[in-house]
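# Observations on chain architecture
Each chain, letter by letter, is given below.
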Amino acid sequence: MSRNGSGQYSLPAAYLAVTGETITATQHNTPLEDIASALTGSVPRNGSAAMTAALPMGSNKITGLENATASTDAAAYGQVLALARTVDPSIANGNFDHWQRGTSHSTNGYGSADLWALGANGSTVALSRQTFTNGQSDVPGNPTFYGRATVTTSAGANNYATLLHKIEDVRNYSGQTVTVTFWAKADASKSIATELRQDFGSGGSPSSDVTAIGVTKSALTTSWGKVSYTVDVPALTGKTIGTDENSTLELWFWFDAGSTFNANTDSLGQQSGTFDIARVSITAGDKTDLTDPTPLVPTYVTLDRCKRYYRTGQVSMEGPGNSSQAIRCMSYFDVEMYTYGSTNPTITPSFQYSNCSSGGVDLQTSQGFRIGATVTSTANASFTATYSASVDL
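Below, the structure is looked at part by part. Residue indices follow the written sequence of each chain, beginning from 1 at its first position. Totals for whole chains, interfaces and linings use all residues, but because this is a predicted model, local features are given only for residues with pLDDT of at least 70 and pairs of side-chain atoms are given and counted only at 80 or more. Derived side-chain values reflect all non-hydrogen atoms in the structure, with water molecules and hydrogen atoms excluded from consideration.

## Considerations on the overall build of the protein chain
Put simply, the rule reads: Helix and strand assignments follow DSSP, with helices taken as H or I runs no shorter than four residues and strands as E runs no shorter than two, numbered in order from the N terminus. Areas reported here follow the Shrake-Rupley algorithm with a probe of radius 1.4 Å; residue values treat only the protein chains shown as occluding.
If you tally the helices and strands in the protein chain, you get four helices and 17 strands. Taking the principal axes of the C-alpha coordinates as reference, the protein chain spans close to 125 × 60 × 50 Å. When the accessible surface of the protein chain is split by element, carbon and sulfur atoms take 47% of a total near 20300 Å².

## Re the state of the cysteines
Test applied: Our working definition of a disulfide is a cysteine sulfur pair at a distance within 2.5 Å. Note on exposure labels: buried denotes an accessible area under 20% of the residue type's maximum, exposed denotes more than 50%, and partly exposed covers the range between, all computed with a 1.4 Å probe on protein chains only.
The final tally for this structure, using the stated rule, is zero disulfides. Not engaged in a disulfide, the cysteine C356 finds its nearest cysteine sulfur in C329; these two sulfurs lie 11 Å apart. By relative accessible area, C356 is classed as buried at 6%.

## Remarks on the packing of aromatic side chains
For clarity, the threshold we go by: Side-chain rings of Phe, Tyr and Trp (the six-membered ring for Trp) are treated as a pair once their centres are within 6.5 Å; stacked means planes under 30 degrees apart, edge-to-face means over 60, and tilted covers the remaining angles. Whether a charge sits over a ring depends on NZ of Lys or CZ of Arg being within 6 Å of the ring centre and within 35 degrees of the ring normal.
Enumeration over the complete set of coordinates arrives at 18 aromatic pairs. Geometrically, the ring pair formed by Y160 and F261 is edge-to-face, given 5.2 Å between the ring centres and 75° between the ring planes. Here F261 lies in the loop between β10 (248-257) and α3 (262-265) and Y160 lies in strand β5 (residues 160-168), a separation of 101 residues in the sequence. Judged by its relative accessible area of 15%, F261 is buried. Note on F351 and F383: the rings are 5.6 Å apart at their centroids and 65° apart in plane angle, and the pair reads as edge-to-face. Within this pair, whereas F351 is found in strand β14 (residues 346-354), its partner F383 is found in strand β17 (residues 381-390), the two being separated by 32 residues in sequence. Across this residue pair, the class does not change: F351 and F383 are buried. Among the aromatic residues, those joined into a ring-pair cluster are F96, W99, W116, F182 and F253. We note K185 situated over the ring of W224; from NZ or CZ to the ring centre the distance is 5.3 Å. Over the ring of W252 we find R197; its NZ or CZ atom is 3.9 Å from the centre of that ring.

## Details of the nonpolar core
For the record, the criterion: Only buried residues count toward a nonpolar core. Its members are Ala, Val, Leu, Ile, Met, Phe, Trp, Tyr and Cys residues joined through side-chain atoms within 4.5 Å.
One finds W116, F182, F253, F255, V280 and I282 to be the most contacted residues of the largest nonpolar core, which totals 41 residues. Grouped together as the second largest cluster of nonpolar side chains are 34 residues, C306, A373, A381 and F383 included.

In structure tokens form, the structure reads like this:
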């Protein structure tokens, strides 16, 4: 009889032996065979056999669950809560969606893709926006754009060409294991190197930078390929963060590196070429078994994160004519901008005047600024100003 639909086990009929009577084969064998069948359908506690069908839980909990380590494991509640706090990608523009400053640049620092800065000495590097073909499947997530670094090397031990992304606050991921993931290709079979750095900022007596964290050299081909590896980010024990609170965790891509930087690049060496980078992410824990660990975050959310450091806008003002008097207005940001120490956003305006001149900006804060101009006529005066606001990491 084995178990019924509710899982209750009952012995088969005619199993009961009576004192003084001979036990028949049916009484002896049938119950034991039935018990054997029931035990075969049970789950062994030692895990020696797998389930053969779905296990309905009947609204009950699985308790004492170990943290998941593979993509096919069930996740413990506490593990899910921990991961929920890191679902927003630290690499805010890892998909290269946002290019507020322009579609290309070739000078050190920022100039095109938001939050991506170039660095070069002796050698040169230029970053440009490239567009994926709709429907491509080489890089997951249906990204629209990717970044292309075009490098021209110049021999020299101190020469290099890099692309880097800074993450606000060195406390991020300190003392944790993270997974660095990206897709890349080159114009020929070449290698690139990546490293993490901890920069403790300025103000007071901050600790020196920690460099060459998780240095990894990756071989590229002319086809898109995934690179994914784990890094143990050092803890901050014994470290001092600068009082300006402008510390960063940084991801560096090395395309060309003189011998001075062997420790940062696993002796990458010097080379010219074209290097394409897409879908960059840093995520907490070991995600190397995931096809694509990049969290799904809408582009309007990542744009707001980019606007924390750079934005453009327009403001207009009109006032009555009164020569030599000023007309002013406040302009407020929709997303609060990053500030540190005594540094506030740098506002760069471009004015168009009507019966006024000498426009200027003051009262800059993380939330906005005041902009104004001097009236030059007794007629009504007005101005329109387009502006950029920046506080670079």
